[in-house]
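# A structural walkthrough
Next come the chains, spelled out residue by residue.
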Amino acid sequence: MGDVRGILGEKLGMTQIFEDTRAVPVTVIKAGPCFVAQVKTKENDGYEAVQLAFAEPRPQHLTKPMSGHFDQHGGHPGRYIVELRTDDASTYTPGQEIRADIFQPGDRADVVGVSKGKGFAGVMKRHGFGGLGSSHGTQRKHRSPGAIGACATPSRVFKGMKMAGQMGNARVTMLNLEVVQADPERGLLLLRGAVPGPRGALVMIRSAVKTQLGGRAG
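Residues numbered from 1 in each chain as written. Predicted model: local features only at pLDDT ≥ 70, side-chain atom pairs only at ≥ 80, totals over all residues. Heavy atoms only, no water.

Time to look at the environment of P25. Following the sequence through the fold, P25 ends up in strand 2 (residues 22-31). Sequence-wise, P25 and G128 are 103 residues apart; in three dimensions their C-alpha atoms are separated by 25 Å. Apart from the residues lying within four places of it in its own chain, the contact partners of P25 are M14, T15, Q16, L191, R192 and G193. (Helix = DSSP H or I, 4+ residues; strand = E, 2+ residues; numbered from the N terminus. Contact = heavy atoms within 4.5 Å.)

Rendered as C-alpha cells:
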C-alpha cells in the first residue's frame, strides 16, 4: 500500500492559469481542514488505515452512535468520514488536523468523487452511438440503438450490452492529476484538468496510485 496521503475537500469550480503564455485548465478544490477520527492498526483491526472527518456537522444531524464513536477514539466530529489505507497510519494521532499543505506543486494525485447525475439517457448521449440513417427508410427511430442481439444463436442479449439507462451519479476516480498550485493559507489546491461532480461536491484527494511514464497528466 505504501505511505498514502489524503484529504477531503469541496470542489469550487474550474478556471485557468497561464504558464509561459499557455492557458492551463485547472480545478479549484477547497481542501480540508480534516481531522483524524480514528487510527486503525493491524493488531486491533487487521490492517493499517486512518479515518478522516471533514466539515462541521450540525448538532441535530450528529447521531448518538456517531457521537459515541468520536468520543471513544478522541477524534473531532465531522459531517463526512472517509477511511484511507496507508502503511504509516501509526504516525497519525486522533484529533490531528490535516490541511492542504500535505500536497505540494508538482505532486501527482487521484481525485475520487461522484459524477453529475444526468438521469435516463439514450444510447447516443450515454455511449456516443451514431444513430440510424436519417435518409429514406428509417421510420422515426433515428436515435435508437439498432440490433442488440442475435436471433437463433445465442437467442439472448449478452451482459454488458450498451443500451439506454441511468447516466452519471456514479463513483468516478480521476487518476494521476498534477497539483499545479497549492495555497495552504486559504486551503486551496489547483489540479490540472477536470474532476468529477458539480460545484460544491465532496471529493477526496489522495496520493496517485500510478506513476505516469512521461508526459503530463490532464
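It is worth spelling out a nonpolar patch on the surface at this point. On the surface, V157, F158, M161 and M163 cluster together into a nonpolar patch covering about 320 Å² of accessible area. Position of F158 among the secondary structure elements: in the loop between helix 3 (123-127) and strand 9 (165-167). (Patch = residues over 30% accessible without salt bridge, like charges linked within 9 Å, V, L, I, M, F, W, Y side chains within 5 Å. Areas by Shrake-Rupley, 256 points an atom, 1.4 Å probe, with all protein chains shown as cover. Salt bridge = Lys/Arg side-chain N within 4 Å of Asp/Glu carboxyl O.)

In the structure shown here, the tally under the stated rule is 1 aromatic pair. With a centroid separation of 6.5 Å and an interplanar angle of 25°, the aromatic rings of F54 and Y80 are classed as stacked. Of the two residues, F54 is situated in strand 4 (residues 49-54) and Y80 in strand 5 (residues 80-85); the sequence distance between them amounts to 26 residues. Judged by its relative accessible area of 28%, Y80 falls in the partly exposed class. The ring of Y47 has R85 sitting right over it, with the charged end atom 4.1 Å from the ring centre. (Phe/Tyr/Trp six-rings, centres within 6.5 Å; stacked < 30°, edge-to-face > 60°. Buried < 20%, exposed > 50% of the residue type's maximum accessible area, 1.4 Å probe, protein only. Lys NZ or Arg CZ within 6 Å of the ring centre and 35° of its normal.)

Here we come to the environment of L132. The topology assignment puts L132 in the loop between helix 3 and strand 9. You can call L132 partly exposed: its relative accessible area is 33%. Sequence separation between L132 and G68 is 64 residues; the distance between their C-alpha atoms is 59 Å.

Pairing in this open sheet of 4 strands is antiparallel, and the strands run 5-4-3-6 from one edge to the other. Looking along the sheet, the strands with just one partner apiece sit at the ends: strand 5 and strand 6 (97-98). Bridge count for strand 3 (residues 34-40) against strand 6 is 2 bridges, and the pairing is antiparallel. Directly across from F35, in strand 6, lies its bridge partner E97. Of the strands in this sheet, strand 3, strand 4 and strand 5 touch helix 2 (residues 64-73), which is tilted by about 75° from strand 3. (Pairing = 2+ DSSP bridges. Axes fitted to C-alpha atoms, helices over the stretch in contact; angles between N-to-C directions.)

As far as function goes, none of this settles anything; it's purely spatial.
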